[in-house]
Structures are given as C-alpha cells and as structure tokens.
Amino acid sequence: MTIVVGVTGGIAAYKAVSVIRSFVLAGHDVHVIATDAALRFVGAPTFEAISRNPLNTDLYEGVSEVRHVGIGKRADLVVIAPATANTIAKIANGIADDLLTNTVLATAAPVLIAPAMHTEMWQNAATQANVRTLRERGITIVGPGTGQLTGADSGPGRMEEPDAIVHAATTLATRRTVRREREASGTASARTPRHDLSGHRIVISAGGTREPLDPVRFLGNRSSGKQGVALAVAARDRGADVVLVAAHLDVPAPDGVEIRSVSTALELQRAVTAAATDADIVVMAAAVADFRPATTNDSKIKKEKVGDSLRLELVANPDILAELASGKQSDQIVVGFAAETERDPHELIELGRRKLKRKGCDFLVINNVGWRTGFSTDDNEVVVLDGHGDIVMEAAGAKASVADRILDVITSA
Ligand code: C5P
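A quick note: this is a predicted structure, and the numbers were derived from the prediction, not measured.

Right, let's talk about the sheet that holds strand 2 (residues 29-34) for a bit. Strand order in the open sheet formed by five strands is 2-1-3-4-5, and the pairing between neighbours is parallel. With partners counted over all chains shown, the strands left at the sheet margins are strand 2 and strand 5 (140-141), one partner each. Pairing geometry for strand 3 (residues 77-83) and strand 4 (residues 111-115), over four bridges, is parallel. Counted as the bridge partner of Ala-83 is Pro-115 from strand 4.

What follows concerns the domain arrangement of the protein. One can read the domain layout of the protein as domain 1 (2-175) and domain 2 (201-299 + 306-411). Placing the centre of domain 1 and that of domain 2 at their C-alpha centroids yields a distance of 34 Å. Facing nine residues of domain 1, the contacting portion of domain 2 comprises twelve residues. Roughly 880 Å² of surface becomes buried between domain 1 and domain 2 when both sides are summed, with 44% attributable to carbon and sulfur atoms.

Attention shifts here to the side chain of Thr-107. For Thr-107, the position within the fold is in the loop between helix 5 (99-106) and strand 4. The buried category is assigned to Thr-107, whose relative accessible area is 13%. Filtering out sequence-adjacent residues up to four positions away, Thr-107 remains in contact with Gly-72, Ala-75 and Val-78.

It is worth spelling out the packing of helix 1 (residues 13-25) against helix 2 (residues 44-51) at this point. Packed helix pairs are specified by the crossing angle of their axes together with the interaxial distance, meaning the distance between the axes. The geometry of helix 1 relative to helix 2 is characterised by a closest axis approach of 9 Å and an angle of 20° between their N-to-C directions. Between helix 1 and helix 2, the crossing angle belongs to the class labelled roughly parallel. Helix 2 is crossed by helix 1, and the crossing has right-handed handedness. For the pair helix 1 and helix 2, contact is made by Val-17, Ile-20, Arg-21 and Val-24 and by Thr-46, Phe-47, Ile-50 and Ser-51, respectively. Grouping the constituent residues of the contact of helix 1 with helix 2 by class yields five nonpolar, two polar and one charged.

On to the pattern of salt bridges, then. For the coordinates displayed, the defined rule picks out 18 salt bridges. Among the salt bridges present, the one from Arg-135 reaches Asp-278, with a minimum N-O distance of 3.0 Å. Residue Arg-135 is located in helix 7 (residues 125-136), and its partner Asp-278 is located in the loop between helix 11 (265-276) and strand 13 (281-284); the two are separated by 143 residues in the primary sequence. You'll find Arg-135 and Asp-278 in the same group, each marked buried. A salt bridge links Asp-214 to Arg-217; its shortest N-O distance comes to 2.5 Å.

All right, on to the site of the ligand then. Near the ligand, the surroundings consist of 13 residues, among which Met-284, Ala-286, Leu-321, Phe-337 and Lys-355 are the closest. Contact between the ligand and Met-284: an oxygen atom at 2.7 Å from a main-chain N or O atom of the residue. One of the side-chain N or O atoms of Asp-290 is found 3.5 Å from an oxygen atom in the ligand. Compared with its free state, where it exposes 440 Å², the ligand has 88% of that area covered by protein. Residue assignment for the shell around the ligand shows that the elements contributing at least two residues are helix 13 (320-327), strand 16 (333-340) and helix 14 (345-359).

Conventions and cut-offs
- Residues numbered from 1 in each chain as written.
- Predicted model: local features only at pLDDT ≥ 70, side-chain atom pairs only at ≥ 80, totals over all residues.
- Heavy atoms only, no water.
- Pairing = 2+ DSSP bridges.
- Helix = DSSP H or I, 4+ residues; strand = E, 2+ residues; numbered from the N terminus.
- Domains from an automatic or database assignment.
- Contact = heavy atoms within 4.5 Å.
- Buried area = accessible area lost by both parts, 1.4 Å probe.
- Buried < 20%, exposed > 50% of the residue type's maximum accessible area, 1.4 Å probe, protein only.
- Axes fitted to C-alpha atoms, helices over the stretch in contact; angles between N-to-C directions.
- Parallel < 35°, antiparallel > 145°, perpendicular 65-115°, else oblique.
- Left-handed = near helix turned anticlockwise from the far one by under 90°.
- Nonpolar A, V, L, I, M, F, W, Y, C, P; charged D, E, K, R; others polar.
- Salt bridge = Lys/Arg side-chain N within 4 Å of Asp/Glu carboxyl O.
- Near = heavy atom within 4 Å.
- Polar contact = N/O pair within 3.5 Å; in protein donor to acceptor, adjacent residues only side chain to side chain.
- Areas by Shrake-Rupley, 256 points an atom, 1.4 Å probe, with all protein chains shown as cover.

Pasting the structure below:
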C-alpha cells in the first residue's frame, strides 16, 4: 500500500525513522512529508535513504502536479509521527498552511496520529479538545505513552514506540480492508446496520490469566475468551478503535483490532491501565485470577522434594476493575463481568448487585457458569445491571449477538 508518513518538529522525529523503515521493510511504498521544524531534528537525506523515495517538504514545489492534494489522494494510509501540539491543533481546525496539513485535508485514507509533546502541553485543555475533535472525526490517536521525556521530567507525552505505531497502523489499514470487503459483499449492512462507535476507542480484556508456580505450571481458569473476542469484533464492526488485551485466548485473535497479549493478572493490569488512559469505554471481560502464588519457583517443583502434600501460599492480585472504576475520567464507561456458579436466578442477581457495589463500575454483565455452561460454549445467557443495580438488559443466544446487545446498552448510556 502507499503510506504517507508525516513528520513534525519534535525530538521524537528520530524515532520516525524506525517507523518508516518498518513500513518499507514490510513492502509498502512510503512517502515522507517533513515539516520545516522536523528537518531541524532529522536531515532530509536520512528520510530519503530510509523511505527510498524523494522527501516532500515544500507546498510550492511541483505545483503543476497539484501535489498539495495529489499525495493525500494517492495514499492508502496517512501516519503522522511524531505529531506536535501545533500540528494537531492545525488539523483539528482544518488549517492547511504546509504540505502535510494540505495532504491531511485532501485525503480520504485513514489517518493515524502519534502525539509527542511535554506533559503540560498534552494535558492543556486546548490540546485535549483538539484530540477529542480528531477522534470524533474518525482519526486514530496512538499514545502518547508515559515515561521519560526529553529533559529530566517524565509523564504522559512521550511518543508511542515505533513498533506500537506500526502495529496500530497495520491494524487500521486491515480494518478498513475488512470493512470494504464486507460492504462489497453486502454482509456489513445485513449484520451491522449501526456505525455508532465511530471515533470511539474501546479497550476489551478477554481470556483467562495464568499465574505461574514454576516454569511449567500455572494456576489458571477455563475462560476461552470467546465472549470478549465477540465484543471486540462487534465493536470493530460498529466503527470503534479496539484494543484487545488478550490473555490466552482459545480462539484466533480477530483482524482489525489492536492486540496486546498478556499472561498474568499483573501484566493484564499494566496493559489495560495503559490502554485505558485514552479510552471512552473499558470492558473487563477477562477472567482475572484473584490470587497468585506468593513465590514462583525458578525450576520445576519436584515431587521427591515436597513429599505427599504441597502447601501453596497465595497473595491477592489487584482488583483491576475496581481500580479502573475509581480512577476513571467522568465520561468514561467501565464495564465488568461476573461469572458465577450460583444457580438460583434471584440469588445470582443479588450476588451481582453486591459485586457491582464493591467494584463501582457503570455496568455489570452477569452470567452463570458451571462445568458445562458459560466457558468455551458458543452461546451465552447474560443479565446486565446498571450502576444502580437495576436490570437494564437480559439476553441469550450466540456470543456474537449477546456482544451486540451489550454494546447497545453501553452506547445508549
Ligand atoms: O471478583 P470477580 O473476579 O468475580 O470480578 C469479575 C470482574 O472483575 C471481571 O470483570 C474481571 O475482569 C474483573 N477482575 C479484575 N481484577 C481481578 C479480578 C477480577 O479486574 N483481580
């Protein structure tokens, strides 16, 4: 595909070189547009050598070829990395005073922006409003990450790592292809008439965590990840940017969503917490181990050494859902799951209400699980409580249709 990489004037411009290189090595035709400020950080020969194409900088070069719209029109994907607060502000306001901003205005391709700036600039109300505007228009924002900035300071504002940007860009392009193919075959409109999650970012955890006892054994659970994956697919088809935090899925990870693979509860906590910082919706569908072994043996625990009984000391894992719910921004929606073995329907709901109070989430999806129900099956039966403990939805059927019904509840909140 033809990828336009826009580079703006931040120190992270040197990392753009890795992004460009990864695209080129993956076989894409890469055209770099650098702003004047970007060229103060990285020289034109570097961009030309790495992209294997002439660098584009000047709005007034090649006027006869109408380059200010031509480059954007030919692009299958536009990636701006790093994007400064200034360029983000210009794009949000439709300003086109250089080749890059003209290109963004002229393109019909998906646009991905990787912001990079100091924490104060990122947190400034103007930048936050601009980023919201871009998201609402369907532009994908990747990062920024949190960490050491150029000076001695650290905080959110650091450009996302090149690998993550390339992965998100590939995901975005795949999603567009999947949607186009669906539209061409007519299946998109038959199955998903709505496109109500466009411009929204949703983080979904799925699967079951594993807590290692030694290099070969773990404490785990029977979650297959099917319901979480069905939610990710449904959200993707409804236009959302989806991050799927995947813990040992029994089913293939879907195309067109960003996958972050994890194993333990602590890894899942890190991945979900990082992804949740700029998400509108977080759905904790994963079965997270409540406890982990206090120590993990470096080598296999030997029966000869421990004898006929083995005592395991477990320590509590953090309650990620409760943490997310208590630390969330006011307009974020946090959804939890409660998989319970309680058979009595009335008691099951009461259990759910008590859990909802403990966790403090906006919605709780309750389902009954047992030796033969809930896990691994293709169907599910759920009751959804809102934050007050009122039943707002009940659904039974294929996990795909249950997923759509859950998203209906979330989008109508
Ligand atoms: O308390 P319980 O494990 O039943 O809670 C289930 C809900 O809480 C699920 O949404 C699950 O993803 C989440 N959870 C969590 N952190 C834990 C345990 C569960 O976020 N340590």
